[in-house]
Amino acid sequence: MTATAPEDLTTAIPTPGRYTTVAIVLHAVLAIGLMYQLGLGVWMDSVPKTPPGLRAGWFNWHKSIGMVLGLLIVLRVLWRLTHASPPLPDTTPRWQIQAARLNHATLYACMVVMPLSGFLGSSFTKYPIKFFDLALPRLWEASAELKTLFGTIHTGASYVFMAAIAVHILAAVWHGVRRDGVVSRMLPQRTRAPIEADTH
Ligand code: HEM
Ligand code: HEM
């Protein structure tokens, strides 16, 4: 029987690359924000029109949060375009790599389409879009046809988005149960102080 040196043990554990801290923070903030926003969008349709202002207040909140999320999504897309995601472990089957690519591409597409279609749809109504209390300048004339078009895109994309998120979370849970290191790539790393650095 041959003894295994400590170095061999560390190299034997697959250490797939990790996402950057910026990517991890943006992923977490947007995951929570977008799931809230999807729930809010579905729920707010049931808010009654009386007392006056109640429904409009929730719609305004949805639009304002949506614009904040839209700005964070711009940052995330820019970060992603300039920082490649770490490759999956070598042992990952090809179909899983392709499924992950398709799922992530769908999620990114929905992240762009949702705030954009929401904003454009609202910009074609006769009411000004308010960013919290600030009324934004009107960009163009109201148009019932374009409002309906972008509204339909907004609703249609929200179904695709919800389905893609469900698949994504199920995949994350599956990887988490298997403890194959995929989930920890997207979680903050637990830092351990190196023993040599302990000078006290
Ligand atoms: C950031 C991403 C966003 C997500 C995930 C999101 C999600 C949703 C969802 C799920 C609905 C309900 C769809 C339905 O049942 O018809 C909805 C409706 C709506 N959203 Fe958004 N939304 C986002 C951004 C925005 C923005 C930025 C605006 C406007 C500035 C906006 C304006 C609206 C309006 C006016 C509705 C009511 C239905 C309609 O007239 O189309 N949304 N949203
Ligand atoms: C609205 C919800 C979410 C969205 C839009 C979303 C979006 C994304 C996207 C686009 C990526 C690919 C990142 C890249 O390579 O650039 C990703 C990766 C990842 N997400 Fe999410 N995510 C969401 C929620 C979640 C949740 C709730 C979990 C955990 C249960 C999760 C776990 C992960 C993990 C582990 C990865 C890394 C996968 C890999 O290494 O290939 N996500 N997410």
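The structure displayed is predicted, hence computed values, not measured ones.

(A) Local environment of the overall build of the protein. Tallying secondary structure elements over the protein gives five helices and two strands in all. Walking the protein from its N terminus toward its C terminus, one meets helices and strands in the order α-α-α-α-β-β-α. Going through the 200 residues of the protein one by one, you find that 10% of them count as buried. Considering only intrachain contacts with a sequence separation of at least 6, the fraction spanning at least 24 residues in the protein is 74%.

(B) Focus on the site of ligand 1. What surrounds ligand 1 is a group of 24 residues, the closest being Gly 41, Lys 63, Gly 66, Gly 118 and Gly 151. Looking at the shell around ligand 1, the elements that each hand over two or more residues are helix H2 (21-44), helix H3 (54-82), helix H4 (94-123) and helix H5 (144-178). At seven residues, H3 tops the list of elements feeding residues into the shell around ligand 1. Split into classes, the residues belonging to the shell around ligand 1 amount to 10 nonpolar, 12 polar and two charged.

(C) Layout of the site of ligand 2. As a matter of local geometry, ligand 2 sits amid 20 residues, with Ala 31, Leu 34, Ser 85, Ala 172 and Met 186 nearest to it. At the level of secondary structure, the elements contributing two or more residues to the shell around ligand 2 comprise H2, H4 and H5. With five residues, H4 is the single largest residue contributor to the shell around ligand 2. Per-class residue counts for the shell around ligand 2 are 14 nonpolar, four polar and two charged.

(D) Inspection of unusual backbone geometry at higher detail. Each neighbour pair has its own omega, and for Thr 50 with Pro 51 the value is -5°, a cis peptide bond. With respect to the secondary-structure elements, Pro 51 resides in the loop between H2 and H3. For Phe 132, which is not glycine, the phi dihedral falls at a positive 55°. Residue classification places Phe 132 among the exposed residues on the basis of 11 C-beta atoms within 10 Å. Look at Arg 179: it is not a glycine, yet its phi comes out positive at around 50°. Along the chain, Arg 179 falls in the segment after H5.

(E) Region of the structure containing the nonpolar core. Counting residues in each nonpolar core, the largest one holds seven residues, listed as Leu 34, Leu 69, Ile 73, Cys 110, Met 111, Met 114 and Phe 161. No other element matches the three residues that H4 contributes to this core. Leu 69 has contacts with Leu 30, Gly 33, Leu 34, Gln 37 and Pro 115, leaving out every residue within four places of it along the chain.

Rules and cut-offs
- Residues numbered from 1 in each chain as written.
- Chains lettered and ligands numbered in written order.
- Predicted model: local features only at pLDDT ≥ 70, side-chain atom pairs only at ≥ 80, totals over all residues.
- Helix = DSSP H or I, 4+ residues; strand = E, 2+ residues; numbered from the N terminus.
- Buried ≥ 20, exposed ≤ 12 C-beta atoms within 10 Å, placed from the backbone.
- Contact = placed C-beta atoms within 7 Å.
- Near = placed C-beta within 6 Å.
- Nonpolar A, V, L, I, M, F, W, Y, C, P; charged D, E, K, R; others polar.
- Core = buried A, V, L, I, M, F, W, Y, C linked by C-beta atoms within 7 Å.

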